[in-house]
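Inside the fold
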Amino acid sequence: MIWFCGDWHFCHDRVFIWKARGFNSVEEMNEAIVERHNARVAPEDTVYVLGDCALGDTAHAIEYIKQMNGHKILIIGNHDSDKRIKAYVEENIFEDIQFGARLRASKRTRFFLSHYPSLVNNFDDPVDVWNVSAHTHSKEKFEIKDKKIYCVSLDAHDYCPVNIETILNDINERKQNVRH
């Protein structure tokens, strides 16, 4: 199975992050993210992490990331500094680290993976390319209503990763609603 998520913000000890997410502490948030991730993702699954893994104690954050199932691929976010990326590489916690990626999601659908939301094409464009992104911490999967952008920030998915089948189903439902 292929999974997507973004904006873990491990060890980001600011009330506006963990409290806004409904947790009582940054530690509770960190542990819940790992628990919810592992309840869904199997060790053999692939996980695209669309940026902002940690903010704060990088070494402590890496210990949480090491506990997480799946073959993890990082799409770099604005909080994934050169220093953090170097630590991620040294600890070998990601199988690949990129600024963006293109993925064939289905026979007719392509994903452009990025941390920042990007305009890829409109609903009337015959090419079905969707941007899958994070960054905004939106609670909405389709934050920008008339564009092909799907948000995988943890904030939009009950602080859990979302699988490719769910995204494709959500997109198909969205396309039906746009046509009506």
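Preceding this paragraph is the structure being described.
To start, this report covers the structure provided alongside it. Just so you know, the residues in each chain are numbered from 1, in the order the chain's sequence is written. Since the coordinates come from a predicted model, pLDDT governs what is reported: local features require at least 70, and pairs of side-chain atoms require 80 or more to be given and counted, while whole-chain, interface and lining totals use all residues. Derived side-chain values reflect all non-hydrogen atoms in the structure, with water molecules and hydrogen atoms excluded from consideration.

Overview of the sheet that holds strand S2 (residues 46-49)
- Only when DSSP finds a minimum of two bridges between them are two strands counted as paired. We count a stretch as a helix when DSSP gives it H or I for four or more residues in a row; a strand needs E for two or more, and each element gets its number in order from the N terminus. Taken in spatial order, the 5 strands of this open sheet run S4-S3-S2-S1-S9, and their pairing is mixed. At either end of the open sheet lies a strand with only one pairing partner, and these are strand S4 (96-98) and strand S9 (162-163).
- By the bridge criterion, 4 bridges tie S2 to strand S3 (residues 71-75) in an arrangement that is parallel. Across the sheet, the residue bridging to Val47 is Lys72, located in S3.

Quick notes on helix H4 (residues 82-91)
- Partly exposed residues are those whose accessible area sits between 20% and 50% of the maximum for their type, while under 20% is buried and over 50% is exposed, using a 1.4 Å probe and protein chains only. Within H4, the full set of buried residues consists of Arg84, Ile85, Ala87 and Tyr88. Angular distribution of buried residues about the axis of H4 spans 160°; they occupy a single face of the element. In H4, the exposed positions angled more than 90 degrees off the buried face are occupied by Asp82, Lys83, Lys86, Val89 and Glu90.
- Only heavy atoms matter for contacts: two residues are in contact if any of them lie within 4.5 Å across the pair. In this fold, the buried residues of H4 make contact with helix H3 (58-66), S3 and S4.
- Residue Asn92 follows H4 closely and has a positive phi angle near 55°. The directions from the helix axis to the C-beta atoms form the arc being described.

Side note on unusual backbone geometry
- Even without glycine at this site, His9 takes up a positive phi of about 55°.
- Secondary-structure assignment places His9 in the loop between strand S1 (2-5) and helix H1 (15-18).
- Taking the relative accessible area as the measure of exposure, His9 reaches 3% and is therefore buried.
- A positive phi angle, near 55°, is found at Asn92, a position not held by glycine.

Functional significance is not addressed by these values, which are geometric in nature.
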